[in-house]
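One letter stands for each residue in the lines below.
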Amino acid sequence: MTRKAALVIGGGIAGIQASIDLANMGIQVYLVEKNPSIGGRMAQLDKTFPTNDCAMCILAPKMIECANHENIRLLTYSELDELTGHAGKFKAKITKKARFIEEDKCVGCGECAEKCPTKVNDEFNAGLGKRKAIYKFFPQAVPSTYVIDPDYCRTLNGKKCGVCEKICKANAVNYEQKDEVLTIEIGAVILASGFDLYNVAPLTEYGWGKIKNVLTAMQFERMICASGPTGGHLKRPSDDKEPERLAFIQCVGSRDIRHKRYCSAVCCMHATKEAILAHEHCPGLSSTIFYMDMRAVGKGFQEYVQRAKDQYAVEYIRARPGRVTENDENQNPVIHYEDTINREFRAEEFDMVILSQALVPAESNLSIAEKLGIGLDEFGFVSNPEGMTNPFGTSREGVFGCGFCQSPMDVPDSVVRASAAASKVAEVLASA
Amino acid sequence: MSVRIGVFICHCGTNIGGIVNVPEVVEYAQTLPNVAFTEGNLYTCSEDGLSSIRNNIKEYDLNRVVVASCTPRTHEILFRQNCELAGLNKYLFEFVNLREHCSWVHMEAHDDATLKAKDLVRMGVAKVSLLTPQEDLSTDVIRACLVIGGGISGLSASLTLASQGYHVALIEKKDRLGGLLKDINRVFPSNEPSSHLLDPLISSSSKHQNIDVYLEAELIDVKGFIGNFTVTLRQNSKTKELKVGTIIVSTGAQELQPVGSFGYNRFDNVMTQLEFEQRFKSDFDGLNRVVMINCVGARIEERKYCGRFCCITGMKNAILLKEANPEAEISILQRDIMACGKIFEDYYRTALEMGIRFIRYNVDRPPDVTGSDNVADKVRVYHELMGKDIEIDVDAVLLTTPLVPGEDNQKLSRIMRIPVGNEGYFLEAHQKLRPVEFPSDGIFLAGCARYPTDISECISQGYAAAAKAAIPMAQGQVITDAFTCEVDPSRCSACGRCVEICPFGAIDWADWKDLKGKTRSVAMVNPTECKGCGLCSSSCLSSAIKLKGFTDEEILAMVNTV
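Everything numeric here is computed off the predicted structure, so don't read it as measured data.

Here chain B is described as being made up of domain 1 (5-128), domain 2 (144-254 + 404-478), domain 3 (257-401) and domain 4 (485-561). Computed over C-alpha atoms, the centres of domain 1 of chain B and domain 2 of chain B are 40 Å apart.

Following this line, the structure appears as structure tokens:
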């Protein structure tokens, strides 16, 4: 039934949805993902607002559908090198990076990682916890194949080791594996490269990186997730104690002309969600959310915020804290802020502080945009010259954008944009 | 062949495992009759879990599978397909819900939840033993789509489907296309006239050879199922029947008229944002002092939701007023400014830099609009930052109100058997991942019919709904679930209860020749129209109807183990 082909770049929820829709229309899809697994940012989340659906529970079936679909070819751990041609008749060159593991042999048993002597900071867990130099990207990874990190593997860096090769019963380890270059022919391209987390270290006033009990929202998300570094146990980094009072600071790096002046669109809701989940983990716990405007604009969002107040001991204070300091005696972070409603300065102590960091377009956008020959805006989001009349367009015909790489947006908006971009691709292919 | 059951029990991270003692349930399941293999998984739906099911089907020669995890709504298809990949008929699978039916509702009672989980697993095992292999049914799909509502969402959906080569019937109850956007003066953030955006879409839809536009048309009836709907319209007091394969609902919404609030209806110069746009267009003479009140009728007890883009609508009109007269004093009384994302935050900043004043008010101390005769001249409001009441002189007061659900939603909901949520908007299949689909196959949703949605989101949703509608039309065939009802004609007493009760019109009369060669009329189920709801089988007085996959024997086997 397959007739025409499309390239989707980015295997997060937007790229996955676009791929499934295209494939179901009978279009051959090449889904390119730079990481060793598809899943994207949503795979890192514990639950999703406003339904508190477990993120992995609703994402995993889609990841697997992608992997099993007869019309989808998954190219994980791969990157685009070049796009030539024109709408309806493009040629793309893609590099499939060496995993140093034979994909058809690896059974994902994990014995290699158990024995590997090299520990590395785990980026999937937002730097909390460690992984090995041979690793699976995350427990539910698709494909579930392991990968060797060439930056840290002892053998690949000329040191004596070879442990994983010896231990692997499937003989899947291959230190000699080389990058592979593929050329594919497609009629249209969808970019769904998603977002990165803004580095909050330069916002020294909030003490991240110096005060142990100040975390970013993504670190907190990993901490409350069952598959995260603490197995879902909420504990303070300084003393492993369960916290009783949390504070969330909103717009850290967002809506700030010194950093990113745009609104990241999802943080009001993820802070509310994290406060609700924290309360579920530790029933005595209370949270305070420091915000500028409570942007709960989606379906069911106002009710969600109300529920947080009524049932989960969440207090909202309209204030932009100026500073976070640390109480030396108990390592409690202290938030200094002006309560604008009561018009007074306050300093309040919490057990942990969570920073709702700005979300920025994926760093890889810069190089991808150049290879795709499309324009980006001043922030690095995909620019859309036709504005609202073609919300999926880019500056190159036949290349479309969807999801967070266009502008900050939540999961429902991303999947809508993904399906919409799929419809655009179907138009291009129908006329090609 | 003896029955050999595999039972896979999911921790679902901590969702189930944090409450139910999963290892204990796994051990217990091993003791149940016909169970040949059991296992606990952190996530049974992960590739690890799925491949374990496949491998163990082969290794242990399993011919029945039970997964005890979450809900069939999201995961049944996945597990069934997985069984199929391992060579097992996919209908020899039984789903036990340990999350929604157990761990989530018994969070405080771990021991009892574990006991209940064992009961549920035992019931699942009892049922799966009796299941029999079934075959899917397939039907052809008509390559045409009915789009209900000719606003920006419906126009977008129609045009993309038509360009992909599908036929579209676009019906609109008014005498013109364009919907609510047609009434809007200018659009944010470009501030261009809405006609620049809308007119090209209206003209291409009207001219497109694949689109039939029906104006002043009303939907009377929808019968059938995905791939093969029969739709009845009334136009100019004549009825017309159309055959389509899919349906998109894009019926829009309407602006709230805040009767009785803030001097609305009492003062001539108090009006909604939309009324302002229609009354003044671009001649703003005499409007030197304007106050806008946001969240009128929104984010309050009787209407809890946020109108999503009304803040931006108010800002747009404030910017237009200020551009026409930079000396104009414009104040926006607001509760939170909802300028989400990239473009709107800049738009907000532009408004601030132009000197538009944003004043925060508290919902418990709302502004007060006063005046004499039928003219409002003052707005008094408690200024939260200053901590005191202030008074503002006004030439006009604009009330920013949210959209409210379309008046036909309830009627359409009945005609098409599609759900409406608490607020009166249509309810999608899944809020997070299926925002433009209905639970019923073949019917999709776009734009303000679902929830207040700005223009570019309406366009996106129109395209997204079109993609979903295009899928079955591109495939040309739909597979229907084999779990449908079947009449045993020898037991049918032809009472007709089932024919009346079936919500899908799937049961009809047919002639049947009995063993003695005598012909009589009996009820017959058309399996392609049957949704397997079971209403007929449970109401049949002669026990003549069975629902495959839920037969009396199977259900009783479950009940008898408890």
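Next comes the rest of the description.
Here the focus is the interface of chain B and chain A. Chain B puts 73 residues into the contact, and the matching count from chain A is 77 residues. Carbon and sulfur atoms supply 58% of the area that chain B and chain A bury against each other, a total of about 6200 Å² over both sides. Looking only at chain B, the three residues that lose the most surface to chain A are Lys342, Lys432 and Leu433 of chain B, adding up to 13% of its buried area. Counting every contact that joins chain B to chain A gives 9 salt bridges. With its nearest N and O atoms 2.7 Å apart, the salt bridge here joins Arg295 of chain A to Glu345 of chain B. Between the two partners, chain B and chain A, sit 32 residue pairs in polar contact (both at pLDDT 80 or more). The set of elements that each furnish at least two residues to the side of chain B that touches chain A consists of helix H2 (47-59), helix H3 (72-85), helix H6 (152-163), helix H10 (343-353) and helix H12 (455-475) of chain B. With 15 residues, the single largest contributor to the side of chain B that touches chain A is H12 of chain B. Taken together, the residues that form the side of chain B that touches chain A break down as 36 nonpolar, 18 polar and 19 charged.

A few words now on the nonpolar core. Core analysis: the biggest nonpolar cluster contains 180 residues, and Leu22 of chain A together with Val7, Ile9, Val65, Val121, Leu161 and Ile248 of chain B have the highest contact counts within it. Of the residues forming this core, the biggest block, 12 residues, is contributed by H12 of chain B. With 59 residues, the next largest nonpolar core counts Tyr206, Ile211, Ala296 and Ile335 of chain A among its residues.

Residue and element names in this part refer to chain B. Strands sit in the order E10-E7-E6-E14-E25 across an open sheet of 5 strands; the sheet is parallel. Looking at which strands have only one partner, the edges of the open sheet turn out to be strand E10 (211-214) and strand E25 (443-445). Strand after strand, the sheet turns through a mean of 20 degrees between neighbouring axes, direction not considered. Note that strand E6 (residues 144-148) and strand E14 (residues 246-249) share 4 bridges and pair parallel. By the bridge assignment for E14, Val147 is matched with Ile248. Against the sheet, H6 contacts E6, strand E7 (167-171), E10 and E14, and its axis sits at roughly 165 degrees relative to E7.

Here is what the cut-offs are and how they apply
- Residues numbered from 1 in each chain as written.
- Chains lettered and ligands numbered in written order.
- Predicted model: local features only at pLDDT ≥ 70, side-chain atom pairs only at ≥ 80, totals over all residues.
- Heavy atoms only, no water.
- Domains from an automatic or database assignment.
- Contact = heavy atoms within 4.5 Å.
- Buried area = accessible area lost by both parts, 1.4 Å probe.
- Salt bridge = Lys/Arg side-chain N within 4 Å of Asp/Glu carboxyl O.
- Polar contact = N/O pair within 3.5 Å; in protein donor to acceptor, adjacent residues only side chain to side chain.
- Helix = DSSP H or I, 4+ residues; strand = E, 2+ residues; numbered from the N terminus.
- Nonpolar A, V, L, I, M, F, W, Y, C, P; charged D, E, K, R; others polar.
- Core = buried A, V, L, I, M, F, W, Y, C linked by side-chain atoms within 4.5 Å.
- Buried < 20%, exposed > 50% of the residue type's maximum accessible area, 1.4 Å probe, protein only.
- Pairing = 2+ DSSP bridges.
- Axes fitted to C-alpha atoms, helices over the stretch in contact; angles between N-to-C directions.

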